[in-house]
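Architecture and fold: a report
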Amino acid sequence: MFVPKLYRSEDLDLMRVIIRENSFALLISSADKIRATHSMMMLNENDPENAYLETHISRANPQAKTIKDGDEVLCDFLGAHTYISSSWYDHINVSTWNYEAVQIYGKVQLMDSEELYQHLDQLTAKYEKPQQCPMMVKDMGREFVEKEMKGAFGLKIIPTEIFIKQKLSQNRKEADFQSIISHLENSSDIYAEKIAEKMKLIQK
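The following paragraphs examine the structure supplied in this document. (Residues numbered from 1 in each chain as written. Predicted model: local features only at pLDDT ≥ 70, side-chain atom pairs only at ≥ 80, totals over all residues. Heavy atoms only, no water.)

Before going further, it helps to examine the overall build of the chain. Of the regular secondary structure elements, the chain holds 6 helices and 7 strands. Principal axes of the C-alpha set define a box for the chain whose edges measure 65 × 45 × 30 Å. A total of 204 residues make up the chain; the buried ones form 42% of that total. A sequence separation of at least 24 residues applies to 72% of the contacts in the chain between residues at least 6 apart. Total accessible area computed for the chain in this model is approximately 11500 Å², and 52% of it derives from carbon and sulfur atoms. Once the 25 positive and 31 negative side-chain charges of the chain are each reduced to a mean point, those two points are 4 Å apart. (Helix = DSSP H or I, 4+ residues; strand = E, 2+ residues; numbered from the N terminus. Buried < 20%, exposed > 50% of the residue type's maximum accessible area, 1.4 Å probe, protein only. Contact = heavy atoms within 4.5 Å. Areas by Shrake-Rupley, 256 points an atom, 1.4 Å probe, with all protein chains shown as cover. Lys, Arg positive; Asp, Glu negative; His and termini not counted. Charge placed at Lys NZ, Arg CZ, Asp CG, Glu CD.)

What follows deals with the packing of aromatic side chains. The full count for this structure, using the stated rule, is 2 aromatic pairs. Aromatic pair tyrosine 83 and tryptophan 97: ring centres 5.8 Å apart, planes at 65°, arrangement edge-to-face. One end of the pair, tyrosine 83, is in strand S5 (residues 72-84); the other, tryptophan 97, is in strand S6 (residues 96-110), and 14 residues separate them in sequence. The exposure class assigned to tyrosine 83 is partly exposed, which follows from its relative accessible area of 41%. (Phe/Tyr/Trp six-rings, centres within 6.5 Å; stacked < 30°, edge-to-face > 60°.)

As judged from the 11 bridges shared by S5 and S6, these two strands associate in the antiparallel manner. Note that in S6 the partner of cysteine 75 across the bridge is isoleucine 104. Inspection of the sheet shows S6 paired to strand S7 (residues 152-167) by 12 bridges, in the antiparallel sense. Each bridged residue has a counterpart across the sheet, and for valine 102 the counterpart in S7 is isoleucine 164. (Pairing = 2+ DSSP bridges.)

Here the focus is the pairing of S5. In this sheet, S5 lies alongside strand S2 (residues 24-29) in antiparallel orientation, the contact comprising 3 bridges. Its bridge partner being in S5, leucine 27 is matched across the sheet by cysteine 75.

Outside of glycine, negative phi angles account for most residues, and trans bonds account for most peptide bonds. Of note, the phi angle at serine 169 is positive, near 60°, even though the residue is not glycine. Within the fold, serine 169 resides in the loop between S7 and helix H5 (174-185).

We now examine a nonpolar patch on the surface. On the surface, Met135, Met140 and Phe144 cluster together into a nonpolar patch covering about 260 Å² of accessible area. In this structure, methionine 140 sits in helix H3 (residues 137-140). The class of methionine 140 is partly exposed, set by a relative accessible area of 32%. (Patch = residues over 30% accessible without salt bridge, like charges linked within 9 Å, V, L, I, M, F, W, Y side chains within 5 Å. Salt bridge = Lys/Arg side-chain N within 4 Å of Asp/Glu carboxyl O.)

This is the structure:
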């Protein structure tokens, strides 16, 4: 990901938020050819000094058949994003897109069966807790879950490079910056209000 200095962030708390709110991300590998799979990801911070990503994909997926221990992969998280019209400026310019994104390069460590079980337990709990009648992994019975696990390929991804990007019109003068916020707040785009809120937080 190309990250100009103006849009670069070193804020790991921002990274955590983007990952937590946009966990259905791309797992990209290139062992034999470039492959990409959308998968649910979690940031494991049991040891905060050595946090890593967890995910799983189907064993039937060709990507699972090529990824090996020690391989480098790329995890791509796209956060809130929205169109920015050039009609919102007080001068002629080009339209653009505002967005937040995180890309993490990392080395693969394949999960053993117990790690995969714990991963599925925690992942399920995250999304089942808000449900009216949550169905946790423990409610399914260990034997059933372990049978289903045979079709899952679990990975830990140990970060080697982290890129955090916040492109929020930081290159615009104050009048245009405020105009963009105003138009976003009146937009029907589902992410527009969120981007407007983000822009307010970084106001000059």
